[in-house]
Amino acid sequence: MATEIERKFIVKGDFSKEVCNSQRIVQGYICSQPGRTVRIRIRGEKGFLTIKGPSDDKGLSRYEFEQEIPLPDAEQLLTLCEPGVIDKVRHLVRAGKHTWEVDVFHGANEGLVMAEIELASEDEPFEKPDWIGEEVSGDRRYYNSMLTKEPYSQWTKK
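Notes on the structure follow. Worth saying up front: this structure is predicted, and the values here are computed from it rather than measured. (Residues numbered from 1 in each chain as written. Predicted model: local features only at pLDDT ≥ 70, side-chain atom pairs only at ≥ 80, totals over all residues. Heavy atoms only, no water.)

**As for the layout of surface pockets**
- When its volume is computed, the largest pocket comes out at roughly 260 Å³.
- Along its surface, the largest pocket is lined by 20 residues, and Glu4, Arg39, Arg41, Lys52 and Glu64 are the ones closest to its centre.
- Counting residues per element, the ones that place at least two in the lining of the largest pocket are β1 (3-11), β3 (36-43), β4 (46-52), β5 (61-69), β8 (113-118) and α2 (144-149).
- Of all the elements, β3 adds the most residues to the lining of the largest pocket, at 4 residues.
- Split into classes, the residues belonging to the lining of the largest pocket amount to 2 nonpolar, 4 polar and 14 charged.
- Taken as a whole, the second largest pocket encloses approximately 200 Å³ of empty space. (1 Å grid on protein atoms, 1.4 Å probe; cavity = no way out; pocket = protein on both sides within 12 Å on 5 of 7 lines; lining within 4 Å. Points joined across faces, edges and corners; volume = space filled by probe spheres on them. Helix = DSSP H or I, 4+ residues; strand = E, 2+ residues; numbered from the N terminus. Nonpolar A, V, L, I, M, F, W, Y, C, P; charged D, E, K, R; others polar.)

Shown next, in the form of structure tokens:
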């Protein structure tokens, strides 16, 4: 079993000059129950099926299985997903020994910009660029599966 260890942050500044690659991502959830998700993702011209288990108490680690699937299958599976789709552009930004994934959301999540960093262990040190803001790793509102149900635009107006 693979364990994903990542930390999530709100982006508070301009990272655009440091981008080394960008790609559009569209994804939906076949299952988004607390403790497990089954996601279909189209990233560029490739399709992926991802299964994730429950997060640990800090929201940093969880089981993850990901398998590339044919693009036509991913497109067809997206039609079976729960209501709500994530549409975002992922920008890759290198900082120190790590590559940050900076997601700029569109559609119902317009205005949300988050950065994630994957780590080898929960206590692994990393360079934090000055455009990184508040950490939201354990805040479930920022999970993509939750953003399909309660988009950023809805809860930021409250």
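From this point on, the discussion continues.
**Let's talk about the packing of aromatic side chains**
- Scanning all chains against the criterion turns up 7 aromatic pairs.
- Linked through ring pairs, Phe9, Phe15, Trp100, Phe126 and Trp131 together constitute an aromatic cluster.
- Residue placement shows arginine 43 over the ring face of phenylalanine 48; its charged tip is 4.2 Å from the ring centre.
- Of note, arginine 62 hangs over the ring of tyrosine 143, and the distance from its end group to the ring centre comes to 5.5 Å. (Phe/Tyr/Trp six-rings, centres within 6.5 Å; stacked < 30°, edge-to-face > 60°. Lys NZ or Arg CZ within 6 Å of the ring centre and 35° of its normal.)

**Quick word on the side chain of threonine 50**
- Take threonine 50: it is sitting in strand β4.
- Note on threonine 50: relative accessible area 1%, which makes it buried.
- Side-chain polar atoms of threonine 50 contact the side chain of glutamate 66, separated by 2.8 Å.
- The residues contacting threonine 50, other than those within four sequence positions of it, are Thr37, Val38, Arg39, Glu64, Phe65 and Glu66. (Buried < 20%, exposed > 50% of the residue type's maximum accessible area, 1.4 Å probe, protein only. Polar contact = N/O pair within 3.5 Å; in protein donor to acceptor, adjacent residues only side chain to side chain. Contact = heavy atoms within 4.5 Å.)

**Regarding the environment of glycine 138**
- Here glycine 138 lies in the loop between β9 (132-135) and α2.
- The partly exposed category is assigned to glycine 138, whose relative accessible area is 49%.
- Setting aside chain neighbours within four positions, we find glycine 138 in contact with Lys58 and Gly59.

**Description of empty space enclosed by the protein**
- Applying the stated criterion across every chain yields a total of 1 cavity of 30 Å³ or more.
- Estimates place the volume of the largest cavity at around 90 Å³.
- If you go around the largest cavity, the residues you meet are Glu4, Glu6, Arg7, Lys8, Ser55, Gly59, Leu60, Ser61, Arg62, Ser137 and Tyr143.
- Where the lining of the largest cavity is concerned, the elements lending two or more residues are β1 and β5.
- Tallying contributions element by element places β1 first for the lining of the largest cavity, with 4 residues.
- Considered class by class, the residues forming the lining of the largest cavity number 2 nonpolar, 4 polar and 5 charged.

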